[in-house]
Amino acid sequence: MSDIGAPTATADREYQRAGEALAAPLPPLLVAAEQVASTVAQGVHGRRRVGQGESFWQFRPYAYGDEPQRIDWRRSARSDRLYIRETEWEAAQSVWFWHDRSPSMFYRSDRDLPEKWERATILNLALMSLLVRGGERIALLDRPERPATGRATLNRIAETVTRRRDDASDDGVPPTPDLPRFGSAILIGDFLAPPEVVLQATRTLAARGVRGFMLQVLDPAEVALPFQGRRRFLGLEDEGDLLVGRAESLRVGYLKRLAELQDELATFAKRADWYFSVHSTGGPAQPALLGLYTAIADHMGL
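What counts, and where the lines are drawn
Residues numbered from 1 in each chain as written. Predicted model: local features only at pLDDT ≥ 70, side-chain atom pairs only at ≥ 80, totals over all residues. Heavy atoms only, no water. Pairing = 2+ DSSP bridges. Helix = DSSP H or I, 4+ residues; strand = E, 2+ residues; numbered from the N terminus. Axes fitted to C-alpha atoms, helices over the stretch in contact; angles between N-to-C directions. Contact = heavy atoms within 4.5 Å. Parallel < 35°, antiparallel > 145°, perpendicular 65-115°, else oblique. Phe/Tyr/Trp six-rings, centres within 6.5 Å; stacked < 30°, edge-to-face > 60°. Buried < 20%, exposed > 50% of the residue type's maximum accessible area, 1.4 Å probe, protein only. pLDDT = per-residue confidence, 0-100.

Strand order in the open sheet made by the five strands is 5-4-6-7-10, with parallel pairing throughout. Where the open sheet ends on each side, the last strands, each with one partner, are strand 5 (137–140) and strand 10 (275–280). Strand-to-strand, the axes of this sheet are offset by a mean angle of 20°, without reference to chain direction. Pairing analysis gives six bridges linking strand 7 (residues 211–218) to strand 10, with the strands arranged parallel. Bridge assignment links V217 to a residue of strand 10, and that residue is H279. Sheet strands in contact with helix 6 (residues 151–161) are strand 4 (94–99) and strand 5, and its direction is about 20° off that of strand 5. Contacts from helix 9 (residues 251–272) reach strand 7 and strand 10, with the element oriented near 165° to strand 7.

Attention shifts here to the packing of helix 7 (residues 195–207) against helix 9. In contact at an axis separation of 11 Å, helix 7 and helix 9 are set at 10° when each is read in the N-to-C sense. In terms of orientation, helix 7 and helix 9 fall into the roughly parallel class. From helix 7, P195, V198, L199, T202, R203 and A206 reach across to helix 9, where they touch R257, L261, E264, L265, F268 and A272.

Moving on to the packing of aromatic side chains. With the rule as written, the count across this model stands at four aromatic pairs. Here the aromatic rings of W98 and F191 are separated by 6.5 Å at their centres, their planes lie at 40°, and the arrangement is tilted. Highlighted residues: W98 in strand 4 and F191 in the loop between strand 6 (184–189) and helix 7, separated in sequence by 93 residues. Its relative accessible area of 1% is what places F191 among the buried residues. Pairing F213 with Y275 gives two aromatic rings, centres 6.4 Å apart and planes at 40°, and the pair type is tilted.

In this model, the protein carries an average pLDDT of 80, and 76% of its residues clear a pLDDT of 70 or more. For the protein, the element scoring lowest by mean pLDDT is helix 1 (residues 18–22), at 37; strand 10 scores highest, at 97. In the model, residues 2–13 has pLDDT below 50 throughout and makes 29 contacts with residues more than four positions away in sequence or in other chains.

So, in structure tokens, the structure goes:
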């Protein structure tokens, strides 16, 4: 939803702290994410592990950043490549990330606010940074890559997710690839796609044994619908335009529908033993990140 009186997003956005980005080989949003992660890291305890489990999960090719002592030489001897032996415990520490890149995520109601896409990107990268510091494996949900850990992995993923693109083909619904049981998925978006479609995707992941952590990111105007008087609302995803004489007359019905949507998502999360929370871009990123990290740390025993 976009209000004609609000500034529109530009194709190439100038991010704060650009000077810091020029001084380091990191995308600007990763710089911001690292700062958010550092703030949150000061308030969380160290990791607690009970061991690496023994149930075999899979072999995977050796990758940059893997410890040489983890190479399975017997399996590697049957090939011209080196292989790592992974256990089910390690699969449980693999986390897949997704954030909505549909056109509605590029909305902001005020020039001083971040776009929803920007905030979602920073939150995902900050959480990735925290997990990589603990040695956990990360990957993108919509890319066929095996989870990996290390700074090189974080930088490579950051190069992908910080490319600002308004993808009209993105329908705002999380993908549902086959993931190993015990895996975790971080889903960040506005979840304003049809609820039945969003819930079908999350149910599919839950049925495969994936633990999900959902964060709905909304602009303050989407939270409160503060508009007054004659307004034209522009659909960002081919919904068409809506001209109303008294925008305030829509508020009660809109807020009721938003509450129903959030209740549906929260109810699903409770039944599936998932996590669901709502974050407004009008506030700081740290509380949302702390909530996500605390939830996933409790689940993974970090």
